[in-house]
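The chain contents come next:
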Number of protein chains: 2
Amino acid sequence: MPTRWYNFLGDLPGPVPPIRDSGSPSAAEIAARVRPRALIEQNGATEQWVPMPGPVAERLRECGRPTPLHRARRLERHLGTGARIYLKREDVLPTGSFKLNTAIAQAYYAAEEGRTTLVTETGAGQWGMSVALAARMFGLRAEIFMVRCSLEQKPYRRHYMELLGARVRSSPSGETAIGRKILAENPGHPGSLGTAISDAFERALSNPSAAYLAGSGMPHVYLHQTLLGLEVAAQLKAHGEELGVAGRGDHLIACSGGGSNLCGLIGPHLRAKAEGADLRFLAAESTAAPRLTQGTYAYGRTDLGGFTPEVLGYTMGESFIPPPNHVGGLRNHHSSALVSLLRHEGVLDAVAFDQRTALEAGRLLLQTEGLLLAPEGSHAVAAALEVVAKSDAERLTPVIVILASGSGFLDLQGYHEVLLEA
Amino acid sequence: MPTRWYNFLGDLPGPVPPIRDSGSPSAAEIAARVRPRALIEQNGATEQWVPMPGPVAERLRECGRPTPLHRARRLERHLGTGARIYLKREDVLPTGSFKLNTAIAQAYYAAEEGRTTLVTETGAGQWGMSVALAARMFGLRAEIFMVRCSLEQKPYRRHYMELLGARVRSSPSGETAIGRKILAENPGHPGSLGTAISDAFERALSNPSAAYLAGSGMPHVYLHQTLLGLEVAAQLKAHGEELGVAGRGDHLIACSGGGSNLCGLIGPHLRAKAEGADLRFLAAESTAAPRLTQGTYAYGRTDLGGFTPEVLGYTMGESFIPPPNHVGGLRNHHSSALVSLLRHEGVLDAVAFDQRTALEAGRLLLQTEGLLLAPEGSHAVAAALEVVAKSDAERLTPVIVILASGSGFLDLQGYHEVLLEA
């Protein structure tokens, strides 16, 4: 397992566009209050390698890192493809999701700074489960605002968090001013990552010993997730693969909501691509919030309460309410500045899928490889199937790496409703 | 990963008591029709090592064998114990349970003999999920009778099986004569492994190309599960541990329903104990069906339809209906002949827990080690906690191995109801 993170900020195709921060208090002032200092510093890290604190490495090892890189030979055979398909199996982590990688690091830094409570939002619940476990690891409390429709669809994730002692609330929440405001305007609001981020910020600001943790979207989160791309690089080598061979069309594919499993996978490989490696990066998003494929490149906020600065990114607009589908991790209305920059500069390709297409890809993976992924990861599988079809038509034999971001055991109700009841 | 199974029939403290088979047709004739021949032969294997077919080994490796042996240092620290506690982590297998080890082997043999459909019963659903996946691996159909109360408690396991294309029915079933008879007598019957085994046998007998597969209780199942004990032996050695050091009170602990995770774990270690190693084997059962701790040692059947022979074992009696708790894998009314023999001869200790005590032990494991086990495995954890308390009181420093038989993600409703709602 790598014991340092790779800071790829120096490998971007250009500077990340500046934020607009005109609020009062400013988003920077808010961040200074609620975000652990070490994480704010990591957002602007300049060194190429950031050492991982010993206790973080220890916990990650105990959780089963490095996770397996699985060659999907049966899927390859089923498709009759010349491509070699690999799955980076984050589903085997104890919380069933890659989110644990950064949750452990962030909880560690919060505890080191004397914070006693972690406050955050969660969409489908994977991030919330990981924060609940990481809080417990470092003796902290956890308060988690879960998007209302996801909470109703995925009650088991709530049960898991509560078994760990976390306090779980529905978003929009009647416990916050912003939540009450949203509910007053629209009592049936299904919730979104925008509402939940707002609830969590307001709550964290109300408690001086609380830290607000971000599950995605921020450079420090991407930094922690570079374990994914670093492990993949080492594991591909162990499989005898060389990534980026000219004329082959190798692909690294991940779903993208806040962008952290995507950036964690591709971040350590940006430099190779910039230097000419034949390597494609592909983001799979949901048609429920198709920012990278159909959004506008504009300034906007990721929250609805004015707690975060305006950032330049592909967006559906702040008034956009994503439909309440089963893909809670991909319902963000605004893509992060960094992912949007990669897309804008042509480094990153993107494709959107409706949930049925994604879940059908997930079922195919289950039926061939025996692996059930969460709906988010199934979007990456759907994207890979398209790449395979195109590669085969062009007689290419690429290496394709799919980030299997999490387990779908707790999403079986969604699979059932979409594929079996319909 | 071991590539042969260990046949411990020669290491038992005496001969397995003969069956009584007076039915017409006899249970042996029924077995000859519905059970794959290779499995019947393995029930009476005489060689000490049975080679594993190549395709079985290949599938098991793809599924992630060998599974990790995890040192539970945080649980040890929490308990302040001098014991060294290890967890054999079967929860990481793709179906979330150790049942996959034998499902793959049995499906392979059934396919080799030209059977096209696998029929079986399942309690909590772990065995059914494993058969559904194994059937898909070898191109077979699967028909699964799931105990009614478990089906209602754990709908996600049904969804999983159906995603794989399996046909899932509630037991007692209106599709079989025995099921209709049971329902006529007791329309509210919650189902049991006895009803489900009966449904499955009748169904398998009705289809000449079907094979009936047993999830536990039979020597061939125990044989396949000896991978557990073999891997544990090798992994303990890699951890620098020697098992069975005199005066230390080392323990191998597993829950016991049909007895397959227990026998798989201890089978390869029976000889060492017989030869004087200081090694205790401990079965954790449910107070819902406390056969080994409170049952009678008597002849009886594991099914209700007369499809199986009478075997000598610890039993609650054939008319016993276990309460519909969340521990579907431990609701058998009759313990297998082999497990009962070990118990009767004093080789095996046993202890029973109510579901609340077991689930509390499971929650403690989650809160310390971050691992959520199915309720069945949590019984083994509860047993280990008792052993730890006793060892500490006697100032012993044993090695304790807990068979973490499966993941509890799909049992979160049960954890919720018992620990959070109560």
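Predicted model, so just to flag it, every value in this text is computed and none were measured.

Participant: Whenever I open this one, the pairing of strand β14 (residues 399-404) of chain B confuses me. Can you help?
Facilitator: Residues in a regular strand point their side chains to alternate faces of the sheet. Residues and elements named next belong to chain B. In terms of burial, β14 is largely enclosed, as six of its six residues are buried. Pairing of strand β9 (residues 250-255) with β14 involves three bridges; the strand directions are parallel. Bridging across to β14, isoleucine 253 finds its partner in isoleucine 402.

Participant: How should I be thinking about the pattern of salt bridges in this particular structure?
Facilitator: Oppositely charged side chains may form a pair once their charged atoms are brought near each other. Tallying each qualifying case throughout the model produces 46 salt bridges over all chains. Where glutamate 175 of chain A meets arginine 167 of chain A, a salt bridge forms, and the shortest distance between an N and an O atom there is 3.1 Å. The partner of arginine 148 of chain B in a salt bridge is glutamate 152 of chain B, and the shortest N-O contact between them spans 4.0 Å. Taken together, the positions of arginine 148 of chain B and glutamate 152 of chain B, both in helix α7 (residues 148-153) and four residues apart, correspond to about one turn of that helix. A relative accessible area of 60% places glutamate 152 of chain B in the exposed class. Each of Glu143, Arg167, Arg169, Glu175 and Arg203 of chain A takes part in a single network of salt bridges with overlapping partners.

Participant: How should I be thinking about the pairing of strand β9 (residues 250-255) of chain A in this particular structure?
Facilitator: Most of β9 of chain A is tucked away, with six of its six residues classed as buried. The alternating pattern of β9 of chain A places Asp250, Leu252 and Ala254 of chain A on one face and His251, Ile253 and Cys255 of chain A on the opposite face, and all of these are buried.

Participant: Honestly, the relation of the copies chain B and chain A in this entry has me stumped. Any pointers?
Facilitator: Two copies of the chain are present, and they differ by a rotation about an axis and a shift along that axis. Mapping chain B onto chain A calls for a screw motion: a turn of 180° about the axis and a shift of 0.0 Å along it, with 0.0 Å RMSD after fitting. On this basis, the relationship between the two copies can be described by a two-fold rotation axis. Of every C-alpha in chain B, the one belonging to valine 92 of chain B sits nearest the axis of rotation, 3.0 Å from it.

Participant: Just to check I follow, could you spell out the sheet that holds β9 of chain A for this structure?
Facilitator: Note: strands within a sheet are paired through backbone hydrogen bonds, in either parallel or antiparallel orientation. Residue and element names in this part refer to chain A. Spatial strand order, β3-β4-β14-β9-β10-β13: six strands in an open sheet with mixed pairing. Strands at the two margins of the open sheet, each flanked by one partner only, are β3 (69-71) and β13 (348-353). Strand-to-strand twist of the sheet, defined as the mean angle between neighbouring strand axes without regard to direction, takes the value 25°. As judged from the six bridges shared by strand β4 (residues 84-89) and strand β14 (residues 399-404), these two strands associate in the parallel manner. Its bridge partner lying in β14, arginine 89 is registered against alanine 404. Across the sheet, helix α17 (residues 375-393) is in contact with β4, β9, β10 (279-286), β13 and β14; its angle to β9 comes to roughly 150°.

Participant: Looking at this structure, I do not really get the confidence of the model for chain A. What am I missing?
Facilitator: Note: predicted coordinates in regions of low pLDDT should not be interpreted at a detailed level. Averaged over all residues, the pLDDT of chain A equals 96, while 100% of them reach at least 70. Across the interfaces of the predicted complex, the ipTM metric reaches 0.95, alongside a pTM of 0.96.

Participant: What should I look at first to understand the packing of aromatic side chains in this one?
Facilitator: Aromatic ring pairs are reported here in terms of the distance separating the ring centres and the angle at which the planes meet. Going through the model one piece at a time under the given rule, you end up with 15 aromatic pairs over all chains. A connected cluster of aromatic rings, assembled from ring pairs, spans Tyr108, Tyr109 and Phe138 of chain A. Geometry around phenylalanine 138 of chain A places arginine 59 of chain A over its ring, the cationic atom sitting 5.1 Å from the centre. The ring of tryptophan 49 of chain B has arginine 4 of chain B lying over it, and the distance from NZ or CZ to the ring centre is 4.0 Å.

Participant: Help me out: how do you make sense of the sheet that holds β14 of chain B in this one?
Facilitator: Residues and elements named next belong to chain B. One open sheet accounts for six strands, arranged β3-β4-β14-β9-β10-β13; its pairing is mixed. Of all strands in the sheet, those bounded by a partner on one side alone are β3 (69-71) and β13 (348-353). Sheet twist, expressed as the mean angle between neighbouring strand axes with direction ignored, is 25°. Most of the contacts of helix α17 (residues 375-393) go to β9, to which it runs at about 150°, and overall it touches β4 (84-89), β9, β10 (279-286), β13 and β14.

Participant: Is there a simple way to explain the interface of chain B and chain A in this structure?
Facilitator: By a widely used convention, the size of an interface equals the accessible area lost when the partners come together. Counting residues at the interface gives 35 residues for chain B, matched by 35 residues for chain A. Counting the surface lost from both chain B and chain A, the interface buries some 3,500 Å², and carbon and sulfur atoms represent 62% of this. Considering only the side of chain B, the residues that lose the most area to chain A are Tyr156, Leu163 and Phe409 of chain B, jointly responsible for 23% of the buried surface there. Linking chain B to chain A there are twelve residue pairs in polar contact (both at pLDDT 80 or more). Counting only elements with at least two residues in the side of chain B that touches chain A, the list comes to α3 (54-62), α6 (126-137), α8 (155-163), α16 (355-369) and α18 (412-420) of chain B. In terms of residue class, the side of chain B that touches chain A is built from 18 nonpolar, ten polar and seven charged.

Participant: I tried to follow α18 of chain B on my own but got confused; where do I start?
Facilitator: In an α-helix, one full turn covers 3.6 residues, which means residues spaced three or four apart are oriented alike. Looking at α18 of chain B, one finds that the buried residues are Leu412, Gly414, Tyr415, His416, Val418 and Leu419 of chain B. If you follow the buried residues of α18 of chain B, they end up packed against α8 (155-163) of chain A together with α16 and α17 of chain B.

Participant: Teacher, can you tell me more about the packing of α8 of chain A against α18 of chain B here?
Facilitator: Relative placement of two packed helices is described by the angle separating their axes and the distance separating the axes. Interaxial distance between α8 of chain A and α18 of chain B falls to 9 Å at its minimum, and their mutual angle equals 45°. Considering the angle they form, α8 of chain A stands oblique to α18 of chain B. Crossing angle aside, the handedness with which α8 of chain A passes α18 of chain B is left-handed. Contacts between α8 of chain A and α18 of chain B involve Tyr156, His159, Tyr160, Glu162 and Leu163 of chain A from the first element and Leu412, Gln413, Tyr415, His416, Leu419 and Leu420 of chain B from the second. Of the residues that constitute the contact of α8 of chain A with α18 of chain B, the class distribution is seven nonpolar, three polar and one charged.

Participant: What's the story with the environment of tyrosine 222 of chain B in this structure? I'm lost.
Facilitator: All names here are of chain B. Relative to the assigned elements, tyrosine 222 resides in helix α11 (residues 219-238). Classification of tyrosine 222 as buried rests on a relative accessible area of 0%. Remark: the alpha-carbon pair of tyrosine 222 and glutamate 113, spanning 109 residues in sequence, is separated by 21 Å. When residues no more than four places from it in sequence are discounted, the contact partners of tyrosine 222 are Phe8, Ser216, Gly217, Gly258, Gly259, Ser260, Cys263, Gly264, Ser336, Leu338 and Val339. Separated by 2.7 Å, the side chains of tyrosine 222 and serine 336 make a polar contact.

Participant: How should empty space enclosed by the protein be read in this particular structure?
Facilitator: It is a probe the size of a water molecule, rolled over the atoms, that shows where empty space is left. Tallied over the entire structure, the rule returns eight cavities of 30 Å³ or more. Computed from the structure, the largest cavity encloses a volume of approximately 270 Å³. Around the largest cavity, the lining is made up of 21 residues, and of these Asp91, Val92 and Phe409 of chain A together with Asp91 and Phe409 of chain B lie nearest the centre. Classifying every residue of the lining of the largest cavity gives twelve nonpolar, five polar and four charged. Approximately 80 Å³ is the volume attributed to the second largest cavity. As for the second largest cavity, its lining consists of Arg59, Glu62, Cys63, Leu133 and Met137 of chain A together with His70, Arg74, Leu366, Gln367, Thr368, Glu369 and Gly370 of chain B. Of all the secondary-structure elements, those providing two or more residues to the lining of the second largest cavity are α3 (54-62) and α6 (126-137) of chain A together with α16 of chain B.

Quick notes on the rules
- Residues numbered from 1 in each chain as written.
- Chains lettered and ligands numbered in written order.
- Predicted model: local features only at pLDDT ≥ 70, side-chain atom pairs only at ≥ 80, totals over all residues.
- Heavy atoms only, no water.
- Buried < 20%, exposed > 50% of the residue type's maximum accessible area, 1.4 Å probe, protein only.
- Helix = DSSP H or I, 4+ residues; strand = E, 2+ residues; numbered from the N terminus.
- Pairing = 2+ DSSP bridges.
- Salt bridge = Lys/Arg side-chain N within 4 Å of Asp/Glu carboxyl O.
- Least-squares fit on C-alpha atoms with pLDDT ≥ 70 in both.
- Axes fitted to C-alpha atoms, helices over the stretch in contact; angles between N-to-C directions.
- Contact = heavy atoms within 4.5 Å.
- pLDDT = per-residue confidence, 0-100.
- Phe/Tyr/Trp six-rings, centres within 6.5 Å; stacked < 30°, edge-to-face > 60°.
- Lys NZ or Arg CZ within 6 Å of the ring centre and 35° of its normal.
- Buried area = accessible area lost by both parts, 1.4 Å probe.
- Polar contact = N/O pair within 3.5 Å; in protein donor to acceptor, adjacent residues only side chain to side chain.
- Nonpolar A, V, L, I, M, F, W, Y, C, P; charged D, E, K, R; others polar.
- Parallel < 35°, antiparallel > 145°, perpendicular 65-115°, else oblique.
- Left-handed = near helix turned anticlockwise from the far one by under 90°.
- 1 Å grid on protein atoms, 1.4 Å probe; cavity = no way out; pocket = protein on both sides within 12 Å on 5 of 7 lines; lining within 4 Å.
- Points joined across faces, edges and corners; volume = space filled by probe spheres on them.

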